[in-house]
Amino acid sequence: MLWYPYTQMKNRPSFPVVKKGEGAMLHLEDGTQLIDGISSWWSAIHGYNHPQLNEAILHQVNKISHVMMGGLSNAPALQLAKKLSAITPSLKGRNYVFFSDSGSVAVEVGLKMAFQYWKNLGIMGKNKILSLKNGYHGDTFKAMEVSDDSDFSRAFSDVLQKGIFLDTPKGGFFATEQTLDHDFEQLEAALQKHHQQLAAFILEPIVQCAGGFLVYSPLYLKKARELCTKYNVLLLLDEIATGFGRTGKCFAAEHAGIVPDIMMVGKALTAGYMGHAATIASEEVYSSFLADGYEKAFMHGPTFMGNALACTVALKSIEIFEEENYLKKIKEIEFIINHEFSGINSGYIVQKRVLGAMGAIEVSDKKYLAGFKEYSLKEGVWLRPIGNVVYVMPPYIIEEWELRKVLGVIKGWFERKNEE
Ligand SMILES: *Cc1c(COP(=O)(O)O)cnc(C)c1O
């Protein structure tokens, strides 16, 4: 029997069974079709069943699917590391890529790197992490510790050793320095007080996704970069949800033009085909692990890291992203979301937030979204609110009519609500 995630199993839920995907469309076993508005947890950026991605995997599977990375290597892993190193923000043009099998593990790896970096430099006592309220970094233990409390971690609150949390920066994407004044002060105060214990500051750049699609200003990221350098604290950017174009830039850090010390990517990395993620370290972080002995080496090694099929599909995904100018597609999606959102109005709505290929509508109470998922299913659209937020994160290849239909279903929901 299958045990589903984040699901009360008591009533033996039976979920729609997907038989086939094509573009943004999911074909169910019972013959109905759903337009996917959320890209299978934000990962399927090229939609489903993409001919070039399929072909790349088929080609690779006939050579080698997987080989251990302890002592052996494979060409797709080497090429993907080189590619990621080239396209991610970096200072000296060089980044170092450590693969793992999921986003949560990539976060664990990033945190382990951060703690060990300081030890390798001979600086002791840095054993805490600074993070943001409403942040989400995964479901494994250290990832839960640096995430804000939520339904995801409630059952373990007595086990978790929480670090230090700052408020989500105020004022949205276009906040001014003045609006952010208080957040800057809070950040500097925390760094001033705790920097001797702080190994790193981890945050989701620009958009806090699972925490409710909260958007904040690039100015805050710039300030975080400046102050982390000043106080000797590493800056870790969790781009697992924002990476590969979701916010309108290839990586959200580019909105601020900053370079993190360590960055994590996952989700869209493999275009939703299979689990894989990467932790990408700057040359400076990487260099601290170099020594004649073994003690300074990095002690982590997931069985399936550098999986040749995963790396192959990631390489092809990035190639298509670049060659077909996906950033332009994403601009068009942003335009359509903005346009359709402007026609959605209701007293229940607190705020609408749009950035890149992401649109979110926050309502004042999650009870106003009760039954939404079932409603949109009936309308032929796959959407799944998080708490008091209904959002879209469509595959970038979604057809215009499909996107307008997805947004129309959200509009229809609020029109019904307004009549109640
Ligand atoms: C989804 C997510 C993770 C966890 O990734 P998994 O692959 O589900 O383990 C971590 N950080 C962010 C920002 C995410 O959105």
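Structure: see above.
Note that the coordinates shown come from a computational prediction; the quantities given were computed from them, not determined experimentally.

Cut-offs applied
- Residues numbered from 1 in each chain as written.
- Predicted model: local features only at pLDDT ≥ 70, side-chain atom pairs only at ≥ 80, totals over all residues.
- Heavy atoms only, no water.
- 1 Å grid on protein atoms, 1.4 Å probe; cavity = no way out; pocket = protein on both sides within 12 Å on 5 of 7 lines; lining within 4 Å.
- Points joined across faces, edges and corners; volume = space filled by probe spheres on them.
- Helix = DSSP H or I, 4+ residues; strand = E, 2+ residues; numbered from the N terminus.
- Nonpolar A, V, L, I, M, F, W, Y, C, P; charged D, E, K, R; others polar.
- Axes fitted to C-alpha atoms, helices over the stretch in contact; angles between N-to-C directions.
- Left-handed = near helix turned anticlockwise from the far one by under 90°.
- Contact = heavy atoms within 4.5 Å.
- Buried < 20%, exposed > 50% of the residue type's maximum accessible area, 1.4 Å probe, protein only.
- Arc of directions from axis to C-beta.
- Phe/Tyr/Trp six-rings, centres within 6.5 Å; stacked < 30°, edge-to-face > 60°.
- Lys NZ or Arg CZ within 6 Å of the ring centre and 35° of its normal.
- Expected span 1.5 Å × (residues − 1).
- Polar contact = N/O pair within 3.5 Å; in protein donor to acceptor, adjacent residues only side chain to side chain.

Scanning the entire structure with this criterion turns up 1 cavity of 30 Å³ or more. Taken together, T88, P89, N95, V259, P260, D261, I262, M263, I280, A281 and S282 make up the lining of the largest cavity. Taken together, the elements giving at least two residues each to the lining of the largest cavity come down to β11 (262-265) and β12 (277-282). Sorting elements by how many residues they give to the lining of the largest cavity places β12 first, with 3 residues.

Let's shift gears to the layout of surface pockets. Empty space within the second largest pocket amounts to approximately 830 Å³. Around the second largest pocket sit 28 residues that line it, and Y96, V97, F98, Y286 and M305 are the ones nearest its centre. Of all the secondary structure elements, the ones that give two or more residues to the lining of the second largest pocket are α3 (75-87), β4 (95-100) and α8 (283-287). At 5 residues, β4 tops the list of elements feeding residues into the lining of the second largest pocket. Across the lining of the second largest pocket, the residue classes break down as 20 nonpolar, 7 polar and 1 charged.

Let us now look at the packing of helix α10 (residues 326-342) against helix α12 (residues 400-419). Contact pair α10 / α12: the axes reach a minimum separation of 10 Å and the direction vectors enclose 35 degrees. Note on packing geometry: the crossing formed by α10 with α12 is right-handed. Where α10 abuts α12, its residues I333, I336, I337, H339, E340 and F341 lie against E400, L403, R404 and L407. Here the contact of α10 with α12 is built from residues that sort into 6 nonpolar, 1 polar and 3 charged.

Those residues of helix α2 (residues 51-61) not exposed but buried are L53, A56, I57 and Q60. In an axial view of α2, the angular spread of the buried residues amounts to 95 degrees, which keeps them on one side of the axis. Looking at α2, the residues exposed on the side facing more than 90 degrees away from the buried face are P51, E55, L58 and H59.

In this section: the packing of aromatic side chains. Enumeration according to the criterion identifies 23 aromatic pairs in this entry. Seen in terms of ring centroids, Y348 and Y368 are 4.3 Å apart; in terms of plane orientation they differ by 40 degrees. Their pairing is tilted. With Y348 in the loop between α10 and β13 (349-355) and Y368 in the loop between β14 (358-363) and α11 (372-378), the pair connects residues that are 20 residues apart, well separated along the chain. A cation over a ring is seen here: K126 above W118, with NZ or CZ 4.5 Å from the ring centre. For the cation-ring pair, K223 lies above F184, with the distance from its terminal atom to the ring centre recorded as 5.0 Å.

Our focus in this paragraph is helix α7 (residues 218-230). Three- or four-residue spacings in an α-helix give side chains the same orientation, since the helix completes a turn every 3.6 residues. Along its 13 residues, α7 runs 19 Å from first to last C-alpha, staying within 8% of the 18 Å computed at 1.5 Å per residue. Along α7, the positions that sit buried rather than exposed are P218, Y220, L221, A224, R225, L227 and C228. Turning to α7, the residues buried within the fold contact β5 (128-132), β6 (164-166), α6 (177-194), β7 (198-203) and β10 (234-238). One side-chain oxygen of the residue at the start of α7 lies 2.8 Å from the amide nitrogen of L219, identifying that residue as S217. The first or second residue beyond α7 is N232, which carries a positive phi of 60 degrees.

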